[in-house]
Structures are given as structure tokens and as C-alpha cells.
Amino acid sequence: TGRRTMEYKIGKKAKKRIEDGHALVKPESHLAIEVLELLTSLYFLRQPLQESADLIENLRSIHLRRLLQDDVVLRLCKFADDDTRSWSFDQAHKRIRKRHGTEATTTRFLALRERYREVLRPVEAHRNAYVAHRAKRDRLHLKPIDFRDATRLAVEIVDVLAGEQCSYILSDIDLRQELLGD
């Protein structure tokens, strides 16, 4: 009684329609969706832990917090990634510049991108040593990580690329206001 796995195959026409639809989404919209996901994870990460009498429930809460923190780290690092398969700031800027970029937008973007890369260094170090498990030593040397500066710059860069201040609403919560005070 072996398990059977189902393979789902998509036709070439359907795949082409999906790719064409995906291509219609503006790069700045892709980035704004990523920032919304980032802010959502940060919002839930900021919520206080609810202690329980159940040990497993407490371990579950701690584990979910670590997963949320890893999600934030990976999303912040992805914005600075050189990989063309994901939506980084550089990838979006290239497409936007071709479509309707201005010199002022490019100048502002490049300045913010450099500041972002500086602020991101401890986040990348954390990713490399903890999330990606690249370090050989224990993780006791890792300090708590502050995401505020990198997050604020990520939001500002998306605003510059979009040409307007983007809003990030989760249900009735303005995540931008709640997390950044904007």
C-alpha cells in the first residue's frame, strides 16, 4: 500500500497566460506586495508572546516567532539580491527606468540603495550565520537584530520607485503607521 503522488501538469497555453498576466504587474507593485508581506511578518513578530500552561504550545509560539524573524531577514536580504529570478530593488529599477524613469528618481534611488546596503550588513550577517547555517561556530555570538532602519529604507525605496507613498493595510491596521510611525 504505497503512497501515490499526483503530478499536476499545466498546459503550455495556460502557462503562457499565467506568465503574460504576471508580466502585466508593475515592478513597483511586486515590491509593494513584498513590503506588505514584510510588514505583516514584523507586525506579528511584535505581538507579545502568550504564555500557556501547555509546554508544546509555548514551544510552538517560540518556533513561530523564529520563523517570522527568518521571514523578515530573508525578505530584507532579497531586496538587495543580485539574482534576476526575484524582485530586488535593482531589478525593479531597471524595468521602471526603461518605462518612465527620471534622472531625479535614479539619483534618489541609488543614494537610498547604498544606505540600504550599509544598514543591511548586520541582517545579512545574521542570515549567513543563522538562517543559512553557514557559520561553523555556535549561534551564541549573534546579537538581537534590529530591523527598523532596513525596513524604513525598504519602504522609502519602494515609494521612490512607485513615485508615490504606498499604503500597507492589513484588515483595518495601517502597518506603515503602526510599525514606522509614518
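Quick caveat: nothing in here was measured; it's all calculated off a predicted structure. (Residues numbered from 1 in each chain as written. Predicted model: local features only at pLDDT ≥ 70, side-chain atom pairs only at ≥ 80, totals over all residues. Heavy atoms only, no water.)

So what's going on with the overall build of the protein chain? Which residues, and what values?
The helix and strand tally for the protein chain stands at 7 helices and 2 strands. The buried share of the protein chain, taken over its 182 residues, is 33%. In the form shown here, the protein chain has an accessible surface area of approximately 12700 Å², with 52% of it arising from carbon and sulfur atoms. (Helix = DSSP H or I, 4+ residues; strand = E, 2+ residues; numbered from the N terminus. Buried < 20%, exposed > 50% of the residue type's maximum accessible area, 1.4 Å probe, protein only. Areas by Shrake-Rupley, 256 points an atom, 1.4 Å probe, with all protein chains shown as cover.)

With reference to specific residues and values, describe the packing of helix α2 (residues 27-46) against helix α6 (residues 148-162).
Contact pair α2 / α6: the axes reach a minimum separation of 10 Å and the direction vectors enclose 155°. One element, α2, and the other, α6, form an angle in the roughly antiparallel class. By crossing handedness, the relation of α2 to α6 is classed as left-handed. Here α2 contributes E28, L31, A32, V35, L38, L39 and L42 to the contact with α6, which in turn contributes T151, A154, V155, V158, L161 and A162. (Axes fitted to C-alpha atoms, helices over the stretch in contact; angles between N-to-C directions. Parallel < 35°, antiparallel > 145°, perpendicular 65-115°, else oblique. Left-handed = near helix turned anticlockwise from the far one by under 90°. Contact = heavy atoms within 4.5 Å.)

Tell me about the packing of helix α4 (residues 89-100) against helix α5 (residues 103-131), and please be specific about residues and values.
Running from N to C, α4 and α5 point in directions that differ by 175°, and their axes come no closer than 12 Å. The orientation of α4 relative to α5 falls into the category roughly antiparallel. Two secondary-structure elements touch here, α4 through F89, D90, H93 and R97 and α5 through T106, F109, R113, Y116 and R117. A breakdown of the residues in the contact of α4 with α5 according to their chemical character gives 3 nonpolar, 2 polar and 4 charged. (Nonpolar A, V, L, I, M, F, W, Y, C, P; charged D, E, K, R; others polar.)

Outline a positive patch on the surface, supporting the account with residue identities and numerical values.
Together, K94, R95, R97 and K98 give the surface a local cluster of positive charge. One can find K94 in helix α4. (Patch = residues over 30% accessible without salt bridge, like charges linked within 9 Å, V, L, I, M, F, W, Y side chains within 5 Å. Salt bridge = Lys/Arg side-chain N within 4 Å of Asp/Glu carboxyl O. Lys, Arg positive; Asp, Glu negative; His and termini not counted. Charge placed at Lys NZ, Arg CZ, Asp CG, Glu CD.)

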